[in-house]
Amino acid sequence: MDKVLAVNSGSSSLKFKLFEMPSEAVIASGLIERIAIPGSQTTIKYGNGKVYKHQGTVKNHGEAVNNLMELLISLGIIEKYSEITGVGHRVVAGGEYFSKSVVVTDEVIRKIKNITELAPLHNPANLIGIQAFKEMLPDACSVVVFDTAFHQTMPEENFLYSVPYEWYEKLGVRRYGAHGTSHRYVAGEAAKLMGRPLKDLKLVTCHLGAGSSLCAIKNGKSFDTSMGFTPLTGVTMATRSGDVDVSMIAFVMDKLGINSISEMVYTLNKESGLAGISGVSSDMRDILSVSHAKHRARLAIDIFVKDIVKYIGQYYFEMGGIDGIVFTAGIGENSAVIRKMIMERLSFMNITIDNEKNEEQDGATVISGEDSAITMMKIPTNEELMIARDVMELKNKKISAE
């Protein structure tokens, strides 16, 4: 049996799951948050419902990794570090360098550094996590799994912008997308639910959470996606604007005396979306709870739903039909209300709803009626498991090559 760590190093957090492979059983999971910020907190879930919590300053990611490894020992989750034979790291941006997960090498690290500008908040933190675990577990197979890799199969007409072509040639300006690991995972699970080979399906996967993106998946490959050069574009999100007119940005900057483009980008990323429209919250649960009484809250919901329906309609025509649509992530998995609103807007496509199935809280399930022309599904995403699987695949290939 192998023990594999799936790691997500954020700008101020370290999230992990420890799997036993190939059984895919979760041995432990947890989060170290507010790294380098007062009030750091560590939470680890393990064993039969056991939870460890501790609050105290964690100065940096290196210290967070050291703390985590020591806790895995002291809590009896592992007996020695060498039990962990693989570590998989989520990396947000892989640019055009990476179309699949890869084993960590000096060259891989150099390329990730080269494209830091594509994800300035995430890639540097991802790299710190990679290097810290490499020092602690030098003999483990270290793998990077890129959010953007899955979308490298998009055709040129879907990833290029209508701007001077030299921008793409010299600067790499194109649509990269995001949430690729999630889209890839739920597409595979959708094929199992439908009892059909993934390569024969046309799917739309809707990763709806604080960050939201849709992906058109044709014959098992990403065909188009809603996020663009950065995760700012696409549908309305918790605090991100989604698609906007660039000339509007220039107009607002002039009228409000905003002199810095970085200030405007911050507003579009952090003060827009559901929060900016509703004036209530960035959390869909809060907005839904007051939508009966507050016009702007209802408006935020309607715009969110409209954006999703718009992209699904676009992908329907791009792919020449859709066999299945998947809802996943925080809102997609947990909000029966939002799922129903979207499906009702799509009823013209002969989509019907099984209201009882749609209300179920747990597990992957088909939520459309038996007579529905398109199979509608709710599937919990599991990016960490996808990462662990990639680690095992590359680890086994490495062993075979040796």
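Quick summary incoming for the structure in this document. Note that the coordinates shown come from a computational prediction; the quantities given were computed from them, not determined experimentally. (Residues numbered from 1 in each chain as written. Predicted model: local features only at pLDDT ≥ 70, side-chain atom pairs only at ≥ 80, totals over all residues. Heavy atoms only, no water.)

Time to look at the packing of helix 7 (residues 246–256) against helix 8 (residues 261–270). For the pair helix 7 and helix 8, the least separation of the axes is 11 Å and the interaxial angle reads 115 degrees. Classified by the interaxial angle, the pair formed by helix 7 and helix 8 is roughly perpendicular. The crossing of helix 7 and helix 8 is right-handed. Facing helix 7, whose interface residues are I249, V252 and M253, helix 8 presents I261, M264 and L268. Grouping the amino acids of the contact of helix 7 with helix 8 by side-chain chemistry returns six nonpolar, no polar and no charged. (Axes fitted to C-alpha atoms, helices over the stretch in contact; angles between N-to-C directions. Helix = DSSP H or I, 4+ residues; strand = E, 2+ residues; numbered from the N terminus. Parallel < 35°, antiparallel > 145°, perpendicular 65-115°, else oblique. Left-handed = near helix turned anticlockwise from the far one by under 90°. Contact = heavy atoms within 4.5 Å. Nonpolar A, V, L, I, M, F, W, Y, C, P; charged D, E, K, R; others polar.)

Looking now at the sheet that holds strand 9 (residues 202–208). Strand pairing in a sheet relies on backbone hydrogen bonds. The paired strands run either parallel or antiparallel. In space, the six strands of this open sheet follow the order 11-10-9-12-14-13, with mixed pairing throughout. Strands with a single pairing partner mark the edges of an open sheet, and in this sheet they are strand 11 (221–225) and strand 13 (365–366). With seven bridges connecting them, strand 9 and strand 10 (residues 212–218) associate as antiparallel partners. Its bridge partner lying in strand 10, H207 is registered against S213. Most of the contacts of helix 11 (residues 295–319) go to strand 10, to which it runs at about 15 degrees, and overall it touches strand 9, strand 10, strand 11 and strand 12 (324–328). Each of strand 9, strand 12 and strand 14 (375–378) is contacted by helix 13 (residues 336–345), which is oriented at about 155 degrees to strand 12, the strand it contacts most. (Pairing = 2+ DSSP bridges.)

Turning to the pairing of strand 9, a few remarks are in order. When you tally the buried positions in strand 9, you get six out of seven residues, the bulk of the element. Connecting the antiparallel pair strand 9 and strand 10 is a turn made up of three residues. (Buried < 20%, exposed > 50% of the residue type's maximum accessible area, 1.4 Å probe, protein only.)

Its location among the elements puts G234 in the loop between strand 11 and helix 7. Take G234: its relative accessible area is 2%, and that puts it in the buried class. Each residue touching G234, except ones within four places of it in the same chain, is listed here: S226, G242, D243 and Y311.

The next thing to look at is a nonpolar patch on the surface. Together, V163, W167 and L171 give the surface a local cluster of nonpolar side chains, amounting to about 300 Å² of exposed area. Following the sequence through the fold, W167 ends up in helix 5 (residues 165–171). (Patch = residues over 30% accessible without salt bridge, like charges linked within 9 Å, V, L, I, M, F, W, Y side chains within 5 Å. Areas by Shrake-Rupley, 256 points an atom, 1.4 Å probe, with all protein chains shown as cover. Salt bridge = Lys/Arg side-chain N within 4 Å of Asp/Glu carboxyl O.)

This next bit is on the packing of aromatic side chains. Within this structure, the stated rule accounts for seven aromatic pairs. Here Y176 and F229 contribute two aromatic rings whose centre-to-centre distance is 6.0 Å and whose plane-to-plane angle is 45 degrees, an arrangement assigned as tilted. With Y176 in the loop between helix 5 and helix 6 (180–194) and F229 in the loop between strand 11 and helix 7, this residue pair connects regions lying 53 residues apart in the sequence. Relative accessible area serves as the criterion here: at 30%, F229 is assigned to the partly exposed category. Seen in terms of ring centroids, Y316 and F317 are 5.4 Å apart; in terms of plane orientation they differ by 80 degrees. Their pairing is edge-to-face. Judged by relative accessible area, Y316 falls into the partly exposed class, the value being 31%. (Phe/Tyr/Trp six-rings, centres within 6.5 Å; stacked < 30°, edge-to-face > 60°.)

Residues V204, L208, L214, I312, I325, I338 and I342 are the most contacted members of the largest nonpolar core, which totals 35 residues. With 11 residues, helix 11 is the single largest residue contributor to this core. Membership of the second largest hydrophobic core comes to 28 residues, among which are Y185, L201, I379 and L385. (Core = buried A, V, L, I, M, F, W, Y, C linked by side-chain atoms within 4.5 Å.)

Next up on the list: the sheet that holds strand 2 (residues 13–21). Strand order across the open sheet formed by eight strands is 5-4-3-2-1-6-8-7, with mixed pairing between neighbours. Where the open sheet ends on each side, the last strands, each with one partner, are strand 5 (50–55) and strand 7 (102–103). Looking at chain direction, strand 4 (residues 41–46) and strand 5 are connected through six bridges and run antiparallel. In the sheet register, T42 faces strand 5, and the bridge partner there is H54. Seen against the sheet, helix 3 (residues 123–136) touches strand 1 (2–9), strand 2, strand 6 (84–91) and strand 8 (141–146) and runs at an angle of roughly 170 degrees to strand 6.

In this model, the second largest pocket occupies a volume close to 500 Å³. If you list the elements that add at least two residues to the lining of the second largest pocket, you get strand 8, helix 6 and helix 15 (383–401). With five residues, helix 15 is the single largest residue contributor to the lining of the second largest pocket. Residue composition of the lining of the second largest pocket, grouped by class: seven nonpolar, six polar and seven charged. (1 Å grid on protein atoms, 1.4 Å probe; cavity = no way out; pocket = protein on both sides within 12 Å on 5 of 7 lines; lining within 4 Å. Points joined across faces, edges and corners; volume = space filled by probe spheres on them.)

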